[in-house]
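So you can see what is in the structure, the chains are spelled out below.
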Amino acid sequence: MIRRSCLVLLMVVPGLVGAAWAQPNRLLPVEDWTYDYITRLQRRGHLLDLHPTAPPYRRGDVLAALEKIDRAGLGRAERHWVDLLERALKPPPGQEGGLVVGGSVEGGGRLINSDRLDVVRPLGDTLNAFLYSVIPAAYVDAGPFAAALAWRQDTYYDQDPDGLDTALRLLTRSENAYAGFHSRLFSATLGRWSNHWGVPGEAAALLSSNPRSQDQLVVRIGGPRLSLTGLLAELDSVTDDGRFTGRVADDSVRVGNKRRFLAAHRFDWRPSRRLALTGMESAIYSGRNAGISLKYLNPVHAYVFLVDNRPKNDENNGFVGGMLWAQAHRFTLHGQFMVDDFDALGQGSEPISLTLLGSLVYAAPSFDLGLTLEVVSARTYNTAQPEGKYLYLLRGLATQFNDYLHAAVFADLYLDALAPGLRLTPRLDVLAQGEQDIRRPFPVRGDGTPFLLDGTAAWTVRPALELAFQRVPWWWLRLDGGLNVVSNAGHLAGRRETRFVGLVEGGLRLSLDRAYRLSFP
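For clarity, every value in this text was computed on a predicted model and none was experimentally measured.

Draft legend 1. Here's a closer look at the overall build of the chain. Assigned secondary structure in the chain consists of six helices and 21 strands. Relative to its full complement of 521 residues, the chain shows a buried share of 52%. The contacts in the chain between residues at least 6 apart in sequence include a share of 64% that link residues at least 24 apart. In the form shown here, the chain has an accessible surface area of approximately 23700 Å², with 62% of it arising from carbon and sulfur atoms.

The structure is reproduced here in structure tokens:
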């Protein structure tokens with residue numbers, strides 16, 4: 001019996017690994033510029049072998065999807081996007097497969113007249129001159145195994161008005177550093193990187209790229225049609241009086257401090273290439289003696305039925321959500337919802353909290369027309385227990401803010417006939433922001449807090465124009481200028497403010513990303 005089992009393993013394992021052997025399995029970070037072009041192509045029915053709401057992708061998967069595109073049927077702009085992606089991601093000839101080591105470096109700068117990088121919600125009027133970042137990296141690709149070592153030097157770590165300072169020595173933080181194994185039906189990765197459960201560039205209801213990257217273990221089981229992904233991440237600790245310490249692990253377990261962990265699942269079903277359905281859940285569990293809990297490592301547990309049953313951690317805060325991505329003709333629809341404190345039996349003491357997010361985009365050969373909508377209720381992502389707040393280093397694990405309604409309409413005009421890589425985007429944002437904040441004490445039942453837009457809501461209308469230019473993968477430039485017209489500014493009734501908010505962003509990617517194949521006799 002044992003011999004038969006070994007024989008079966010010898011036959012099956014090479015088949016699982018073989019598909020991953022020929023392509024690089026390094027993660028493509030969710031903040032990478034290439035996702036803009038991947039999303040544009042997906043809106044037009046290309047690259048749909050990649051799950052549209054499940055980045056980060058692996059470079060080999062992107063390359064395999066690019067190879068399936070029929071170049072003859074592409075328009076001028078689409079050909080430029082495909083060319084950019086291939087030039088940026090394709091390894092040098094003869095370096096596919098085997099054991100490959102290499103590296104890359106890129107740097108950039110930003111100029112904005114705000115303390116916050118969010119142009120719709122500017123803070124202060126300081127001219128932040130040249131917020132620069134430098135990102136050197138090294139990697140190893142060895143068949144199904146991949147590892148990367150990278151760090152980021154960024155002046156914004158020190159100036160971020162919303163989150164804790166995450167870098168001390170030389171304003172540098174280790175990010176996108178990991179080791180993992182990937183095959184067609186199974187993958188496991190351990191390290192520090194960012195996730196985004198949603199369409200890149202859009203808001204996400206459960207996990208987004210808004211917070212700093214976390215230390216985590218992610219396991220995925222399944223194939224292109226059905227898959228289950230489990231995540232367990234370590235968050236920063238909180239004191240009894242609700243202060244986020246910015247510390248983790250044993251050195252943070254001082255008197256009164258509580259350790260915090262994030263566990264999350266997503267179940268993906270793709271009935272067709274143009275339809276993707278996802279069920280999601282997450283939980284923050286915490287306690288003075290909390291640690292890696294085996295029940296949260298189990299990829300088939302349902303947290304909604306698990307977190308309050310015995311054996312129970314000291315505290316927990318659970319969320320349940322769902323996601324839809326669909327495409328018909330030239331239209332792409334993306335929608336998400338998240339429910340917190342859903343009490344089907346009426347036994348709880350907290351009102352329901354809800355997040356609704358969505359977008360609808362029409363894709364033509366030379367332009368995209370789209371609208372987005374975000375609705376986040378007043379109590380969402382907050383809780384009476386400070387350690388249960390949906391935050392990491394004071395940055396939201398999903399959205400940075402709650403108690404708001406944000407709608408936007410935009411038109412991406414691709415002017416490749418004038419200059420390849422040129423894009424012009426007129427845009428109109430309308431934001432209504434209530435007075436509740438995830439970081440404030442949780443509003444209790446009966447205190448008069450409404451479902452949405454508590455207190456004196458501040459309304460912002462921002463017509464804007466964005467210009468972006470990227471002809472080659474090695475450099476880029478983006479300008480965003482708009483007029484923010486605010487009613488009830490500072491949540492003071494009748495106070496009006498009008499100000500111009502502008503952002504200039506550019507960068508250079510030095511052509512050092514080269515692969516060197518190591519061969520052995």
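Once the structure has been displayed, the description carries forward.
Draft legend 2. Geometry of the nonpolar core. Counting 41 residues, the largest nonpolar core has Leu206, Leu207, Leu231, Leu262, Tyr381, Tyr390 and Leu397 as the members making the most contacts within it. At the level of secondary structure, the elements contributing two or more residues to this core comprise β1 (99-112), β8 (226-238), β9 (258-272), β10 (275-287), β11 (315-328), β15 (391-392) and β21 (496-518). At four residues, the largest contribution of residues to this core is made by β8. Ignoring anything within four residues of it in the chain, the contact list for Leu206 reads Trp197, Met280, Glu281, Ser282, Phe319, Gln336, Met338, Tyr390, Leu397 and Ala398.

Draft legend 3. Summary view of the confidence of the model for the chain. Summing up the model confidence of the chain, the mean pLDDT is 86 and the portion of residues at 70 or higher is 87%. For the stretch residues 1-22, pLDDT sits under 50, and the model shows 20 contacts to residues farther than four places along the chain or on other chains. This model gives residues 343-347 a pLDDT under 50, and the stretch forms one contact once residues within four places in sequence are excluded.

Draft legend 4. Inspection of the pattern of salt bridges at higher detail. As enumerated under the stated definition, the model contains 31 salt bridges in all. Taking the shortest distance from any N to any O, the salt bridge between Asp141 and Arg26 comes out at 2.9 Å. Taken together, the residues span a long stretch of sequence, with Asp141 in strand β2 (residues 128-142) and Arg26 in the loop between α1 (2-21) and α2 (34-43) at a distance of 115 residues. Of the charged contacts, one joins Glu466 and Arg478 as a salt bridge, the two residues approaching to 3.4 Å between their closest N and O atoms. One end of the pair, Glu466, is in strand β19 (residues 458-469); the other, Arg478, is in strand β20 (residues 475-487), with 12 residues separating them in the sequence. What emerges from the salt-bridge pattern is a single network uniting Arg43, Arg44, Asp368, Asp412, Arg423, Arg462, Glu466, Arg478, Asp480 and Glu505.

Draft legend 5. Examining the packing of aromatic side chains more closely. Enumeration according to the criterion identifies 14 aromatic pairs in this entry. The interplanar angle of 55° and the centroid separation of 5.1 Å between the aromatic rings of Phe331 and Tyr362 together place this pair among those described as tilted. Within this pair, whereas Phe331 is found in strand β12 (residues 331-340), its partner Tyr362 is found in strand β13 (residues 353-363), the two being separated by 31 residues in sequence. Ring geometry for Tyr381 and Tyr390: centres 5.6 Å apart, planes at 15°, overall stacked. In textbook terms, an aromatic cluster arises when at least three aromatic residues are bridged by ring pairs, as seen for Phe145, Phe181 and Phe186. Of note, Arg26 hangs over the ring of Tyr139, and the distance from its end group to the ring centre comes to 3.5 Å. When the ring centre of Trp197 is taken as reference, the NZ or CZ atom of Arg266 above it lies at 5.3 Å.

Draft legend 6. Local environment of unusual backbone geometry. The peptide bond linking Pro55 to Pro56 adopts the cis configuration, its omega dihedral lying at 10°. Mapped onto the elements of the fold, Pro56 is located in the loop between α2 and α3 (59-67). Positive phi, normally seen in glycine, also occurs at Asp403, with a value near 60°. Counting through the fold element by element, Asp403 comes out in the loop between β16 (395-396) and β17 (404-414). The phi angle at Asn488 is positive, at roughly 60°, despite the residue not being glycine. In this fold, Asn488 is placed in the loop between β20 and β21.

Draft legend 7. Structural context of a nonpolar patch on the surface. On the surface, Leu111, Leu127, Leu467, Trp474, Trp475, Leu477, Leu479, Val504, Leu508 and Leu510 cluster together into a nonpolar patch covering about 820 Å² of accessible area. Mapped onto the nonpolar patch, the elements with two or more residues apiece are β20 and β21. Take Leu510: it is sitting in strand β21.

Draft legend 8. Region of interest: the pairing of strand β3 (residues 145-154). Burial of the side chains of β3 is restricted to one face: Ala146, Ala148, Ala150, Arg152 and Asp154 are buried, whereas none of Phe145, Ala147, Leu149, Trp151 and Gln153 on the reverse face is. Inspection of the sheet shows β3 paired to strand β5 (residues 177-182) by four bridges, in the antiparallel sense. Within β5, the position partnered with Ala148 by the bridge is Tyr178. For β3 and strand β4 (residues 172-174), the ladder comprises three bridges, and the chain directions are antiparallel. Residue pairing in the sheet places Arg152 in a bridge with Arg173 of β4.

The rules we used
- Residues numbered from 1 in each chain as written.
- Predicted model: local features only at pLDDT ≥ 70, side-chain atom pairs only at ≥ 80, totals over all residues.
- Heavy atoms only, no water.
- Helix = DSSP H or I, 4+ residues; strand = E, 2+ residues; numbered from the N terminus.
- Buried < 20%, exposed > 50% of the residue type's maximum accessible area, 1.4 Å probe, protein only.
- Contact = heavy atoms within 4.5 Å.
- Areas by Shrake-Rupley, 256 points an atom, 1.4 Å probe, with all protein chains shown as cover.
- Core = buried A, V, L, I, M, F, W, Y, C linked by side-chain atoms within 4.5 Å.
- pLDDT = per-residue confidence, 0-100.
- Salt bridge = Lys/Arg side-chain N within 4 Å of Asp/Glu carboxyl O.
- Phe/Tyr/Trp six-rings, centres within 6.5 Å; stacked < 30°, edge-to-face > 60°.
- Lys NZ or Arg CZ within 6 Å of the ring centre and 35° of its normal.
- Patch = residues over 30% accessible without salt bridge, like charges linked within 9 Å, V, L, I, M, F, W, Y side chains within 5 Å.
- Pairing = 2+ DSSP bridges.

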